[in-house]
Each structure stands twice: as structure tokens, then as C-alpha cells.
Amino acid sequence: MTSNQTRRILLLLIVALLQLSSTLKADELKEIVVLNSYHPGFKWTSDINSAIAAHFRYNQSTRLFSEFMDSKRFNSEPYFQTLFEQYKLKYEDHKIDGIICSDNRAFDFFIEHGKDIWGDIPAVFCGVNNIDKQLDLVDPEKHAIVYELIDVKGTIDLIEDLQPEIEEIVVISDETLSGNIFLNQFIDAFETEKRSYSYRIINNTNPGELKRTLEQIPSNNRAIYLLSLYTERNGIPNEMLLESHYFFEHVNIPIYSNWDFLMPNLIVGGRILKAEDQGKISAQLMEKLLFEKDNHLHNHPDNYTIIDHNVLEKFELETNGHEMDILFVNEQLNYIKAHKKELTIILSILIVFIFIILLLVSDIIKRKSVEISFIESEKRLELAIQGANEGLWDINLEKKSIFLNEQFAKLLGYQTPSEVQLTVDTWESFIYSQDIEQVKEAYNLHKAGRAEAFQCEARIITKSKSLTWVSIHGKITERIDNMPYRVTGIVIDINNQKAFESELQKAKEKAEESDRLKSSFLANMSHEIRTPMNAILGFTDLLLYGQLTPSEQHEYMNLIKRSGENLLTLINDIIDISKIESDELKITEDVININQLVREVYSVGLSLCATLNKEVEVQLNGGSDKELLIYTDPLRVYQILLNLVSNAIKFTDKGLVEINYSISNEELSLSVKDTGPGISEEHQKVIFERFRQIDESTIKKHGGTGLGLSITKSLVELMNGSITIHSQPNKGAMFCVKLPIKIHQHTTFS
């Protein structure tokens, strides 16, 4: 090998090692803390967190932790000192790679305590303003800033454009840190130009006085600029979104602001800053800081001119021809324009949903295949573990003596070989009568030299007179004058092998049945998908190219909507099945009025009967008009009951569907009884299996994929409940569900 070749090989090795090193480094798990100034549920904070989480959702090398300082309710130094001690203890032995601080209070806390808690780590400060005087505390190499700079001047200009006769702007703010900052920004922006109107400031955080003050303001040629509004009730601040609807309920003055969470249906609009942009840019910057990429210290998200078309029309305001620069919400489109947009959305959703369906079905098929392979592998492993159970035998044909080892005796249920009393003359009494000729034939083939060994399988009779399968392996080891003199061999317990063969046959039959069911399911699902799709595409063509009256257009759009809903129901069933199989479907508890929930399902049942034009009476028994509050998962209880009711209506052509419910000993009992064709005892065993319906005629007549009852049973079991069926052919059916619940403490039974 030449020196040039050696250098080339070394160079290639170095490049490969560098690539491997960078790959390993990229795959290291990075842990990021999102430190929020405010409390969970605060809309601005929630939108920032959602955008950050969305950015890192599919990044397997990054993990997020969220902390909420709740600084609007608790804003004292002792409280922040307690937070410092809590975080220091919590992260004392937990390495954090980066932190995103949301809003000014989190920025101040990190600057003061960050190094002591998390060390000198990269940080992104988002939703911050007025920190230019603190830039000496920011490290350009490790930090990045996402400013919360609202466009006050642009919003004032928008007010002037929409209300040329404006006489006064009423500015509403509060005494919070951000409220004071925004108020100063408004004053600076307003007073930099000479204006023909004035402004007044309302900085009152007493709820009663503030509401009275707002209701006394003259409405003519006025505008309200809402900067910040956090009032206290019972000592707890309420956020601006919740308070605004209360305070402005009877105020007939156009309102403007800079926050996206106040839209729609409250403010006219303004130069809007989006929390989503704050979170998205923060996540991108943190990713750059963690992986040593180029990074900008100062970052300023865009402001958007957004107007609520409904509120604009309410106050009879005009945009004066500047629509090209404005984003509208609640925009009223002309019929053709609305029609084209809806078609585009419907077709896009259909394509995505079909792709999702194909992926889910493929995943289900692969999973079933893996399950069958796993069963086979498990059985083989069991045989391998127990396969060493062998008994030894040695026969002297001249002396007619037989030697047996202890394991041979144990195979027959004896403690010692002497108890067996097996001889050359009595061996047939130990072999099951149907297998004796098979043993003789195997021995004679070996004796005649037509087989290298004496091998066969037979059932032997044990001490307890039961049968056990063994595999017999032997060989003639000595001959005299070409006649056998000695035969030696072993017997192996093959009961497990025989059981395995039986189970394998069952598994094969089950797999074949599963394949048939999946094929039927795929064919049925193809029909279920094509039917609404053909309706959507067909009526779409009519809408696009047909000369239709308004009533016909409305009817066809309704048909498109119903077809889309049918398709969505199918997709939801498949998604639920996928979540159940992957153990991702979670049960949550909430307080619900069970009377109201059952009545809603009852109303849906009535509507379904009318839609299907069925002569079926739906009755509701149980409950009362009073509130009956319980703790359970409202979505899943609604889904369980609706599945049973819709199933009963679908299979009942004429007669009665009866809904019953009651509560006893913290148990919710639901039952749905119908007068349909009923279900035989044989078919009751399979109706809860996935993809199963009683027969093919059921699919052709009533449609469906066979997933409804399977999903219902899975949901009931996830909620630790039970579901039973009582039915006879031609006598209807009744499904009964029992679910454990907790009764709300303020609920009383009368």
C-alpha cells in the first residue's frame, strides 16, 4: 500500500468519525424549561406554550417542561423567594439545557435567580417589552429576545380611518407592569402628532366603579382603546378576555386593541400582535441556541391589521377602500366565492382523511400480523424451555429385561422405575390401543433396515389411567446372527408439542378468519368512503356547472355537508380504534348534568328517526328536570349512549326504542332496548369484535363498518364498567351498561 493510499484511508476515517460525532451530538436529548409569568389557562400564555410545543412535537431529541409563576395573583418578594427555593430544590439534580421565559416577570426572575437554579444556560425571552435599559444583563452569545412591541400608532391611525369624525378616544389600562408600559406607549404615540380630538384615561380596577364609568360614556363619535384590563374579584385577578365581555356588555362604543385573543366578536380590530408568533419564533431561536447555529439577539414579530367584519357592520363603519392591507375575520363572502373556498377545503380534507385511513388500516393489518407471529414465537419458546424432559429405556431381547431411568417413570406418573413393572411381554398394555400398530410398524421398518432409527409418536397410559403423548426414538445397538439383541432409546414428553400443534391450528383458523374479516372490512370501508365522496363530487359538479335555483343550491350544499359528516364519523371510528389499540385514548373526569346529557342523546335519536324516515318511537325513562351532577367523562358517556341508541334505531324498522338510566350506589346504569330483529346467542359472542357484523346482508341493508359496538365495549372497559346484552331472535335486544361514577357533593336525590 502506498503512502498516498494510506493518507486517503486515514482522511476517510476522520471524516466518518466527525460525521458520527455530529450525529450523536444531534441525537442527544435536550431538556427545555418554559417559564411562564402567569397562570395556566391564561389565553396569551396558553397560545405561546402551544406554539412552542407544536414546534418541538415531532423532535424526538427535545423534551419540554412548563412552569407557571402565577405572578398576577401573587406579586410579592416573599412569594418569588419561595419560588426560587422551590425551583432550586426541584432542579438541583436535573440538568436543563435551555429556558424560554414568557413575559417580563419571568425575565426579571431569570436574570436574578436563573444561574443559581439552572446554571449558565441559553435563554430566550419572549413577550417582553421595555427591557432596553437591562440589555447589559443579556448575553448576546447565549440569549435572544422576542419583543412584545404593540403598534399603538398604527392602531390610532386605523381608528382615525374607520371613524373620521372621532371626538375622543377612551384609553383603558390597569396598574399592572405591562399596563403601565402600554399606557406610556399610547401617550407617546398620541402626542407626537397634532390631532383634532382628545383622549381620556380610565385606570380604575374596581369592577363596580369601572362598569358604571364605562356605561356613562357618551357613545357618539367615541372609540375605546383597550390596552390592559385585569381587575380583582375576591382578591383574585381576572384576565382581560374574561372581564371584557362583562364590562362592555352594555357599552355601545367601538373597541380597538392589539391582542389576538380578544377576537372575534368583541373588538373592531387593530394592529394585532399574535401570541402564536411569539411562541413560534421563541422555539426557533431556542433550537438555534441549543445546536450552536447563527442567532439574532433582537427579534420583532409582525403586527397585522385585523378587523372583525361582524363588529365593523354592527357600528356601520367603512374601511374606505383599504381592504387589501386588512385581514378580516367573520367576513361575509358572496355565494360563489364562499362556494369555491368550501369546495377547496372539503377536497383537501378528503385527501388528508383518505391518506390517514390508509395509514391506519395498514397499521392495523401489520399489528394483527405481528400478533400472530408473536403467538407462534411464544409457543416455540415454551417448547424449547420444556423440551429437555426425556426418559431413557434399554431393552435386552435375549434376557427379556428392560431398564428404565427415573425420568421415564415420572413421565408415567410413578416415583421409581421399579413401580412401573414394564416388561417385554407387557409393553402393549402401556400403549394406547389405537397407537400399537403404529409403534410395531416403526420398529419393524428399522429392524428390516428400511429406516435408520426406530421413531414414532404414541400415547402411553399413565398410572392415573390418563393418556400422555410421547415421541419414541430408539436404535438396535447390538445384533447376534443378524438378529436384534439389544435396543436402546429415549422417550420425550411431547404433550406441549401436541398442544402447540392444536393451538397453532386454532391460530391459523383465527388468522384466516381475521384476514377474511379485514378483507370484508376494507371492501365495506371502501364502499362507505366512496358513497359520501361520490355524493360530494357529484353535487359539487352540479354546483359548479349546473344552472341551479337558490333552493337547489342550498339543498345540494346540505347533501355535501351530510356526506362529509358521514365520512368524518367513519374516520373518527377508525381513529378511536387506533387510539384504543395503541393505549393512547385517555379517560378524563368532569362534572356533568347526566339528565341534560341523556336528553341530548334522546333528541339526536328523534332527529335520526326523522332523517331515516322510520316509524320508530323513541322513549326516555328516568331522571328529572332537576340538575343531577356527577363526575365522569362526559364525551365518552355521550359516545357510548349515542352508539347504542343509533345502533338500535338503525336495526329497528318499526316499533320502539327505549332509553333508561338511573344512579345507585355511585354507579350509573344505562340501557337501550329495541323491538328490532334481536340477536341469537351464537351471534352475541361476536358482535363486540372489531370489523364484525352478524352477516353480509346486514352490511348491505344498514351500512356501517362493524366498529361501533367494539368501540363502545372498549370505552366501557376503559372506564372500569361493564356492558351486557339480553336478546332473543325476533324479540328485540337490550344493551345494559354500568359505569362507576362519583356524585357531586351538592347533588341531592328527592
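Criteria and cut-off values
Residues numbered from 1 in each chain as written. Predicted model: local features only at pLDDT ≥ 70, side-chain atom pairs only at ≥ 80, totals over all residues. Heavy atoms only, no water. Helix = DSSP H or I, 4+ residues; strand = E, 2+ residues; numbered from the N terminus. Contact = heavy atoms within 4.5 Å. Areas by Shrake-Rupley, 256 points an atom, 1.4 Å probe, with all protein chains shown as cover. Buried < 20%, exposed > 50% of the residue type's maximum accessible area, 1.4 Å probe, protein only. Pairing = 2+ DSSP bridges. Axes fitted to C-alpha atoms, helices over the stretch in contact; angles between N-to-C directions. Arc of directions from axis to C-beta. Polar contact = N/O pair within 3.5 Å; in protein donor to acceptor, adjacent residues only side chain to side chain. Phe/Tyr/Trp six-rings, centres within 6.5 Å; stacked < 30°, edge-to-face > 60°. Lys NZ or Arg CZ within 6 Å of the ring centre and 35° of its normal. Left-handed = near helix turned anticlockwise from the far one by under 90°. Nonpolar A, V, L, I, M, F, W, Y, C, P; charged D, E, K, R; others polar. Core = buried A, V, L, I, M, F, W, Y, C linked by side-chain atoms within 4.5 Å. Disulfide = S-S within 2.5 Å.

Caption draft 1: Main features of the overall build of the protein. A count of helical and extended segments in the protein gives 20 helices and 28 strands. Long-range pairs, those at least 24 residues apart, make up 67% of the contacts in the protein with a sequence separation of at least 6. Counting every atom, the protein has about 41300 Å² of accessible surface; 51% of that belongs to carbon and sulfur.

Caption draft 2: Looking closely at unusual backbone geometry. Geometrically, the link from Met-263 to Pro-264 is a cis peptide bond, its omega value of 5 degrees lying close to zero. We note that Asn-265 has phi near 65 degrees; this positive angle belongs to a residue other than glycine. Position of Asn-265 relative to the elements: it lies in the loop between β11 (255–256) and β12 (269–273). The class for Asn-265 is partly exposed, based on a relative accessible area of 48%.

Caption draft 3: Layout of the sheet that holds strand β1 (residues 30–36). Read across the open sheet, the six strands follow the order β2-β1-β3-β4-β5-β13; overall the sheet is parallel. Of all strands in the sheet, those bounded by a partner on one side alone are β2 (62–68) and β13 (298–299). Here strand β5 (residues 143–147) runs beside β13; their pairing, made up of two bridges, is parallel. Opposite Ile-145, over in β13, you have His-298 as the bridge partner. Together, β1, β2, β3 (98–102) and β4 (123–128) form the strand contacts of helix α2 (residues 43–56), whose direction differs from that of β2 by roughly 170 degrees. Set on the sheet, helix α9 (residues 275–290) makes contact with β1, β3, β4, β5 and β13; between it and β4 the angle comes to about 165 degrees.

Caption draft 4: Geometry of the pairing of strand β24 (residues 654–663). Where strand β22 (residues 615–621) lies against β24, seven bridges are found, and the strand directions are parallel. Counterpart to Leu-620 in the pairing with β24 is Ile-659. Relative to strand β25 (residues 667–674), β24 runs antiparallel, the two being bridged by seven bridges. Paired with Val-657 across the bridge in β25 is Asp-674.

Caption draft 5: Quick look at helix α7 (residues 207–215). Along α7, the residues classified as buried are Pro-207, Leu-210, Lys-211 and Leu-214. Considered in projection along α7, the buried side chains sweep an arc of 100 degrees and stay on one side of the axis.

Caption draft 6: Representation of the environment of Glu-165. Along the chain, the position of Glu-165 falls in the loop between α5 (152–162) and β6 (168–172). Its relative accessible area of 58% is what places Glu-165 among the exposed residues. Sequence separation of Glu-165 and Tyr-197 is 32 residues, and the distance between their C-alpha atoms is 9.0 Å.

Caption draft 7: Main features of the environment of Asn-258. With respect to the helices and strands, Asn-258 occurs in the loop between β11 and β12. For Asn-258, a relative accessible area of 0% puts it in the buried group. When the C-alpha positions of Asn-258 and Ser-228 are compared, they lie 9.8 Å apart, and in sequence the two are 30 residues distant. Those residues in contact with Asn-258, other than ones at most four positions away along the chain, are Ile-150, Asp-151, Thr-155, Tyr-225, Leu-227, Arg-271, Ile-272 and Leu-273. In this structure the side chain of Asn-258 is engaged in a polar contact, spanning 2.9 Å, whose partner is the side chain of Thr-155. Side-chain polar atoms of Asn-258 contact the side chain of Tyr-225, separated by 2.7 Å.

Caption draft 8: A look at the packing of aromatic side chains. Tallied over the full model, the rule gives 20 aromatic pairs. Consider the rings of Phe-110 and Trp-118, whose centres lie 6.4 Å apart with planes at 25 degrees: the pair is stacked. Neither residue differs from the other here; Phe-110 and Trp-118 are each classed as buried. Relative to Phe-125, the ring of Phe-110 lies with its centre 5.8 Å away and its plane at 55 degrees, an arrangement referred to as tilted. A residue pair is termed long-range when its members are at least 10 positions apart, and Phe-110 in helix α4 (residues 104–118) and Phe-125 in strand β4 qualify at 15 residues. Exposure class is identical for Phe-110 and Phe-125. Each is buried. Ring-pair connections join several aromatic residues into one group, and the members of that group are Tyr-87, Tyr-91, Phe-107, Phe-109, Phe-110, Trp-118 and Phe-125. The positively charged end of Arg-195 is found above the aromatic ring belonging to Phe-190, 5.2 Å away from the centroid.

Caption draft 9: The packing of helix α17 (residues 634–651) against helix α20 (residues 708–718), seen in detail. Where α17 contacts α20, the axes come no closer than 10 Å and their chain directions differ by 145 degrees. You can see that α17 and α20 cross each other, and the crossing is left-handed. Between α17 and α20, the contacting residues are Arg-636, Gln-639, Ile-640, Asn-643, Leu-644 and Asn-647 on the first element and Gly-708, Leu-709, Ile-711, Thr-712, Leu-715 and Val-716 on the second. Here the contact of α17 with α20 is built from residues that sort into six nonpolar, five polar and one charged.

Caption draft 10: Region of interest: the nonpolar core. Grouped together as the largest cluster of nonpolar side chains are 72 residues, with contacts concentrated most on Ile-172, Phe-186, Leu-214, Phe-248, Trp-259 and Val-268. Leave out the neighbours within four places in its chain, and Leu-214 touches Ile-172, Ile-202, Phe-247, Phe-248 and Val-251. Judged by nonpolar contacts, the second largest core, of 58 residues, contains Ile-574, Val-616, Val-618 and Val-645.

Caption draft 11: Structural detail: the state of the cysteines. Scanning the model with the defined rule gives zero disulfides in all. For Cys-101, which is in no disulfide, the shortest distance to another cysteine sulfur is to Cys-126 and amounts to 8.3 Å. For Cys-101, a relative accessible area of 0% gives the class buried.

Caption draft 12: Inspection of the sheet that holds strand β17 (residues 401–404) at higher detail. Strands sit in the order β17-β16-β20-β19-β18 across an open sheet of five strands; the sheet is antiparallel. Every interior strand has two partners, whereas the edge strands, β17 and β18 (454–461), have only one. Strand-to-strand twist of the sheet, defined as the mean angle between neighbouring strand axes without regard to direction, takes the value 25 degrees. Direction of pairing for strand β19 (residues 467–480) relative to strand β20 (residues 483–493): antiparallel, over a ladder of ten bridges. Across the sheet, His-473 pairs through a bridge with Ile-490, a residue of β20. This element, helix α13 (residues 436–447), spans β18, β19 and β20 of the sheet and lies at about 155 degrees to β18.

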